[in-house]
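Remarks on the overall topology
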Amino acid sequence: LEAPKLKDFISIRDMDRPFIEKMLKKADKMLPVYKKRESLESLKGKVVATLFFEPSTRTRLSFETAAARLSSGVVTFSKESSSQKKGESFHDTIKTVEQYADCIVLRHPLEGTARYAAEISEVPIVNGGDGANQHPTQTLLDLFTMKSIGDIDKLKVALVGDLKYARVMHSLYFALSMFDSEVVLSSPEQLRMPKDLTDEVEGVFGKKADYQDIEDIDCDILYTCRIQKERFMDENELRRVRSSYRITRDVVKEALLMHPLPKVDEIHPEVEASENAIYFPQAGYGIPMRMAILEEALR
Ligand code: CP
């Protein structure tokens, strides 16, 4: 039986393991095209819109590159130069862009915006990150990167850093819980994973949150992120946790280091210069996975 088709990519919660495995296989088929920097014609005649209400380098450019590699047109948008500046509502923006494009890739600072857009849009919505909530396509490319390293079910993965506000951590924690991978969490006390998420994972998958001290981590893949300073409501809270963790050689040990990027100062330069750091190839894997996502959404 084929895994169900998703019109929209809003949350990792909407996906089950068969669907994720299907997307990993699809991305695998795109990998040679990406590696040879070739193009396919599968989305010729289609138009993808990228609507980013928050800054982005990788998500926006990799979706636009993925669309170009599938021969789709791309229209794009910046909040500053759009009619949002004249007070146009989010609703009216989506209802307008759906007249032009066949799929909308959306990033927005407010949690739940992608779900709302999917409810009102006639064309598929792909969530490129909604506030501190979800970043499902980052998780799919992260899983694709992990699969290139080894059997995901057998990997021991540590999620380290700002687990409270980083949407990539929320999506990845949920997704990894569908696999048999061993997952450990490590963060300063104030930046722990939201309790409703750890409770949900325990309820759905029977897996208890396993916190460890950063020095004690022993894993195959150490996945970290920057402190999401734009999500803090309180300057004092931010001041207290700023520079509260650092990924040094002693922390990484023999593990491979993944990071969604952008990185700021959380990784020691010695680690940045080492072969353990695989975050740029990881960012590259966004292309085959996002080609797979666009094909799936527009099929
Ligand atoms: N990983 C990621 O979402 O990067 P950008 O913010 O640059 O898109």
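Each remark here, short or long, concerns the structure printed above.
Overview of the structure.

Looking at the overall build of the protein chain
Summing up its helical and strand segments, the protein chain has 12 helices and 8 strands in all. Here the protein chain has a C-alpha radius of gyration of 19 Å; the compact-globule value for 299 residues is 19 Å, and the two agree. By its C-alpha atoms, the protein chain is 55 × 45 × 40 Å across when sized along the principal axes. A buried classification covers 56% of the 299 residues belonging to the protein chain. Relative to all contacts within the protein chain whose residues are 6 or more apart in sequence, the contacts with residues 24 or more apart total 72%. For the protein chain, the accessible surface area stands at approximately 13500 Å², while carbon and sulfur atoms represent 49% of it.

Examining the site of the ligand
Around the ligand, the neighbouring residues are S56, T57, R58, T59, R107, H135, Q138, P260 and L261. Note that a nitrogen atom of the ligand is positioned 3.1 Å from one of the backbone N or O atoms of L261. Computed on the free molecule, the ligand has an accessible area of 260 Å², of which 92% lies beneath the protein chains in the complex. In terms of residue class, the shell around the ligand is built from 2 nonpolar, 5 polar and 2 charged.

Section: unusual backbone geometry
A negative phi angle is the norm for most residues apart from glycine, just as the trans form is the norm for most peptide bonds. Between L261 and the following residue, P262, the backbone shows a cis peptide bond with an omega angle of 5 degrees. One non-glycine residue with positive phi stands out, namely K253, at about 55 degrees. As for its position among the elements, K253 is in the loop between helix 9 (249-252) and strand 8 (256-258). Structurally, L261 is set in the loop between strand 8 and helix 10 (269-272).

Focus on the pairing of strand 2 (residues 73-78)
Relative to strand 2, strand 1 (residues 47-52) runs parallel, the two being bridged by 6 bridges. Residue pairing across strands places A49 opposite V75, the latter belonging to strand 2. For the crossover from strand 1 across helix 2 (residues 58-69) to strand 2, the handedness is right-handed.

Side note on a positive patch on the surface
Among the surface-exposed residues, K229, R239, R240 and R242 lie close enough to one another that they form a single positively charged patch. As for its position among the elements, R239 is in helix 8 (residues 235-241).

Comments concerning the side chain of E295
Take E295: it is sitting in helix 12 (residues 286-298). Judged by relative accessible area, which is 17%, E295 ranks as buried.

Quick notes on the packing of aromatic side chains
In the structure shown here, the tally under the stated rule is 8 aromatic pairs. Between F174 and F205, the aromatic rings sit 5.2 Å apart at their centres with planes inclined by 75 degrees, giving edge-to-face as the arrangement. Residue F174 is found in helix 6 (residues 167-176), and its partner F205 is found in helix 7 (residues 195-205); the two are separated by 31 residues along the sequence. On the accessibility criterion, F174 (5% relative accessible area) is buried. Over the face of the ring belonging to F174 we find R13, whose NZ or CZ atom lies 5.3 Å from the ring centre. Positioned above the aromatic ring of Y211, the side-chain terminus of R192 is 3.8 Å from the ring centre.

Side note on the sheet that holds strand 1
In spatial order, the strands read 2-1-3-4; together these 4 strands make up an open sheet with parallel pairing. Lying at the two open borders of the sheet, with one neighbouring strand each, are strand 2 and strand 4 (125-130). Along the sheet, successive strands turn relative to each other by an average axial angle of 15 degrees, direction set aside. Relative to strand 3 (residues 103-108), strand 1 is paired through 5 bridges, and the arrangement is parallel. Within the sheet, the bridge partner assigned to T50 lies in strand 3 and is V105. Relative to the sheet, helix 12 contacts strand 1, strand 3 and strand 4, its axis offset from that of strand 3 by approximately 125 degrees.

Scoring rules and cut-offs
- Residues numbered from 1 in each chain as written.
- Predicted model: local features only at pLDDT ≥ 70, side-chain atom pairs only at ≥ 80, totals over all residues.
- Heavy atoms only, no water.
- Helix = DSSP H or I, 4+ residues; strand = E, 2+ residues; numbered from the N terminus.
- Rg over C-alpha atoms; globule rule 2.2 N^0.38 Å.
- Buried < 20%, exposed > 50% of the residue type's maximum accessible area, 1.4 Å probe, protein only.
- Contact = heavy atoms within 4.5 Å.
- Areas by Shrake-Rupley, 256 points an atom, 1.4 Å probe, with all protein chains shown as cover.
- Near = heavy atom within 4 Å.
- Polar contact = N/O pair within 3.5 Å; in protein donor to acceptor, adjacent residues only side chain to side chain.
- Nonpolar A, V, L, I, M, F, W, Y, C, P; charged D, E, K, R; others polar.
- Pairing = 2+ DSSP bridges.
- Right-handed = clockwise from strand over helix to strand, strands pointing away.
- Patch = residues over 30% accessible without salt bridge, like charges linked within 9 Å, V, L, I, M, F, W, Y side chains within 5 Å.
- Salt bridge = Lys/Arg side-chain N within 4 Å of Asp/Glu carboxyl O.
- Lys, Arg positive; Asp, Glu negative; His and termini not counted.
- Charge placed at Lys NZ, Arg CZ, Asp CG, Glu CD.
- Phe/Tyr/Trp six-rings, centres within 6.5 Å; stacked < 30°, edge-to-face > 60°.
- Lys NZ or Arg CZ within 6 Å of the ring centre and 35° of its normal.
- Axes fitted to C-alpha atoms, helices over the stretch in contact; angles between N-to-C directions.

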